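Inside the fold
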Amino acid sequence: MKLNSDKVLRGSERAPNRSLFYALGYSKEQLNRPLIGIISAYSEIVPGHMYLDKVADSVKAGVLMNGGTPITIPSIGVCDGIAMGHIGMKYSLPSREIIADSVETMAIAHGLDALVLVPNCDKIVPGMIMGALRLNLPTILVSGGPMLSGKNKGKELSLSSVFEAVGANKANLINDEQLYEIEKSVCPTCGSCAGMYTANSMNCLSEAIGLALPGNGTTPAVYSERYRLAKESGFQIMELLKNDIRINDIITEKSVKNAIACDMALGCSTNTVLHLLAIASERGLDIDLDIFNKISEKVPNLCHLAPAGPHHMEDLYLSGGIGAVEKEISKKGLIDLSLITVSGKSVGENIKNIENKNNEVIRDIENPYSKVGGLAILFGNIATKGAVVKRSAVDESMLKHTGPARVYNSEDDAIKAIYNSQIKPGDIVIIRYEGPKGGPGMREMLNPTSALAGMGLDKSVALITDGRFSGASRGASIGHVSPEAALGGPIGIIEDGDIIEIDIPSYSINLKISDEEFKERIDKFIPLEINKVNGWLNRYRRLVTSSDKGAILK
Ligand SMILES: CC(C)(O)[C@@H](O)C(=O)O
Ligand SMILES: [Mg+2]
């Protein structure tokens with residue numbers, strides 16, 4: 001077999017390169033085997049990553065069992081929960097690009113033959129996949145897995161509970177001791193926070209797209225099964241290498257559509273739209289925002305995990321996981337069962353013996369939470385290129401809402417107003433200049449959305465932003481408004497008190513002023529020059545594209 005690593009390991013000219021491998025402790029026999037890069041995002045700053053060294057060790061064992069030479073290579077990873085609510089969040093989405101570039105760099109520089117990606121939290125998953133797509137090597141992804149939910153007074157809690165508790169505390173609905181009680185109990189183990197937040201969304205979709213072995217999306221971080229899955233992934237990467245099955249064989253237009261279908265059934269994070277667009281773009285696929293609505297029109301929403309409902313990842317796992325969700329939607333032919341996955345088998349073969357074990361957690365296809373999928377893309381005069389909402393986490397009463405705009409030019413100003421009780425029932429909070437370029441970095445507005453929910457205002461107040469949301473955000477939270485204010489987008493011309501009409505079932509969002517006035521305001525509009533930044537963020541600002549293109553760098 002001709003190997004990529006031949007260029008660093010074979011021939012007399014490569015004696016110097018080999019001597020450095022000998023310095024690393026690799027034996028002659030090890031250098032006769034394929035070099036398998038294990039890209040591990042282990043660190044001591046992310047609960048979802050604090051044990052990835054153990055997961056990577058299990059992958060290593062699997063690679064060794066099947067004749068490869070495993071080589072662990074680190075990746076950075078931002079904990080969005082820790083980065084939330086301050087300047088740190090501006091680095092979160094940009095970190096996806098650093099990760100993609102790092103994977104590309106390390107694999108090419110060292111002549112790796114195949115990759116096992118070991119991410120867990122939000123952007124680390126798409127970042128690694130994007131980097132791997134530039135290489136088109138045999139690739140498997142095995143994540144760290146979800147955290148167990150917190151248990152308190154018979155209730156399951158997770159990270160969204162504590163963010164919302166802050167709002168409740170500000171509104172004097174709970175006292176400081178009660179807040180502390182929640183703070184201590186919501187995140188009880190290692191793993192990615194227990195709701196259908198962005199990390200778990202992306203890990204589930206990695207399974208749905210075929211890049212991870214069955215079980216990857218939902219097997220809890222603390223279950224020994226996670227380590228067995230990692231060993232199997234290490235073993236299996238050698239099979240993919242032998243059979244020359246590469247990431248481009250797995251990630252195709254059809255498999256991206258399968259992932260979007262599962263996204264809609266599961267009710268995943270709005271960030272999946274950004275990340276799937278970016279992944280499709282790295283793969284050279286022509287996938288745009290419209291496709292999300294087309295699929296969402298057909299695929300019903302079957303799951304209400306936190307923050308949309310009471311269930312958590314462990315419940316989804318016990319109900320049969322992603323395979324059981326695929327099985328439900330396959331009953332109406334809503335996924336392509338013929339596609340090959342990294343198990344070496346098709347989607348249909350993978351789910352053959354799987355059953356939906358709990359119709360409460362995974363609704364029967366005939367009895368869904370809604371006939372349409374979890375996400376919707378809205379268009380209108382303030383979002384000509386689209387905006388995204390997790391409609392499965394919007395209260396029924398807010399699906400159609402008209403109200404006056406309360407306009408803020410940063411998340412910080414908006415949160416002050418919310419905490420100071422300046423937002424009244426009926427209002428529509430506008431947060432702009434938080435887009436990919438404007439922020440820069442497109443911060444997640446989890447504090448504003450949670451404060452509103454915690455104050456009980458999610459049933460009467462909507463929020464519209466050119467920034468994005470956490471998977472833990474709920475309520476009528478409409479993000480990714482494109483074009484963004486910093487690029488002259490019409491979200492920038494909204495004035496305090498303007499009436500905005502939101503109609504999610506009709507996929508529309510509009511500023512209700514006359515066409516003449518709209519044109520006049522647009523003609524006069526000069527975007528504010530705010531949020532000056534230096535260093536990497538400044539470079540990012542120059543290169544980043546709009547969120548309707550996945551906020552990729554160009
Ligand atoms: C901190 C969270 C909940 O992980 C968030 O970053 C998300 O996007 O879901
Ligand atoms: Mg996030």
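Now for a quick tour of the structure. Only a predicted model underlies this, so the values are computations on that prediction, with no experimental measurement involved.

Enumeration according to the criterion identifies five cavities of 30 Å³ or more in this entry. Roughly 60 Å³ of volume is contained in the largest cavity. Lining the largest cavity are Ser-269, Thr-270, Lys-390, Ala-393, Phe-469, Ser-470, Gly-471, Ser-473, Arg-474, Gly-475 and Ser-477. Across the lining of the largest cavity, the residue classes break down as two nonpolar, seven polar and two charged. Roughly 50 Å³ of internal volume is contained in the second largest cavity. The wall of the second largest cavity is formed by Thr-449, Leu-452, Ala-453, Asp-458, Val-461, Ala-462, Leu-463, Arg-474, Gly-475, Ala-476 and Ser-477.

Here we take up the site of ligand 1. The full set of residues close to ligand 1 is Asp-80, Gly-81, Asp-122, Leu-159, Tyr-197, Thr-198, Asn-271, Glu-444, Ser-470, Gly-471 and Ala-472. In the model, an oxygen atom of ligand 1 is placed 3.1 Å from a nitrogen or oxygen of the Asp-80 side chain. For ligand 1, an oxygen atom lies 2.9 Å from a polar atom in the side chain of Glu-444. For ligand 1, whose free accessible area comes to 270 Å², the fraction covered by protein is 95%. When atom positions are compared with the pocket grids, ligand 1 is found to occupy the second largest pocket. By residue class, the composition of the shell around ligand 1 is three nonpolar, five polar and three charged. Each of two domains, domain 1 (33-148 + 189-352) and domain 3 (378-549), supplies a minimum of three residues to the shell around ligand 1.

Right, let's get into the environment of Met-238. Tracing the backbone shows Met-238 in helix H11 (residues 224-242). By relative accessible area, which is 3% here, Met-238 ends up buried. Sequence separation between Met-238 and Met-65 is 173 residues, and the spatial gap between their C-alpha atoms is 9.5 Å. Not counting chain neighbours up to four residues away, the residues in contact with Met-238 comprise Pro-34, Ile-36, Val-63, Asn-66, Gly-67 and Gly-68.

Turning next to the coordination of the magnesium ion (ligand 2). Taken together, the protein ligands of the magnesium ion (ligand 2) are Asp-80 (OD), Asp-122 (OD), Glu-444 (OE) and Glu-444 (OE), with distances of 1.9 to 2.6 Å. Taken together, the six donor atoms surrounding the magnesium ion (ligand 2) define angles of 54 to 170° at the centre, an arrangement classified as irregular. The sequence pattern formed by the donor residues of the magnesium ion (ligand 2) is D-x41-D-x321-E. Of this pair, Asp-122 sits in the loop between strand S3 (114-118) and helix H7 (124-133) while Glu-444 sits in the loop between strand S10 (428-431) and helix H20 (446-454), and the two are 322 residues apart along the sequence. Asp-122 sits in the buried class, given a relative accessible area of 11%. Using a relative accessible area of 1% as the deciding quantity, one classes Glu-444 as buried.

Definitions and limits used
- Residues numbered from 1 in each chain as written.
- Chains lettered and ligands numbered in written order.
- Predicted model: local features only at pLDDT ≥ 70, side-chain atom pairs only at ≥ 80, totals over all residues.
- Heavy atoms only, no water.
- 1 Å grid on protein atoms, 1.4 Å probe; cavity = no way out; pocket = protein on both sides within 12 Å on 5 of 7 lines; lining within 4 Å.
- Points joined across faces, edges and corners; volume = space filled by probe spheres on them.
- Nonpolar A, V, L, I, M, F, W, Y, C, P; charged D, E, K, R; others polar.
- Near = heavy atom within 4 Å.
- Polar contact = N/O pair within 3.5 Å; in protein donor to acceptor, adjacent residues only side chain to side chain.
- Areas by Shrake-Rupley, 256 points an atom, 1.4 Å probe, with all protein chains shown as cover.
- Sits in = over half its atoms within 2 Å of the grid points.
- Domains from an automatic or database assignment.
- Helix = DSSP H or I, 4+ residues; strand = E, 2+ residues; numbered from the N terminus.
- Buried < 20%, exposed > 50% of the residue type's maximum accessible area, 1.4 Å probe, protein only.
- Contact = heavy atoms within 4.5 Å.
- Donors = N, O, S within 2.8 Å, 3.2 Å for Na, K, Ca; no water.
- Tetrahedral: all angles 85-135°; square planar, octahedral: opposite > 155°, others 65-115°.

So yeah, pure geometry; function would need other evidence.
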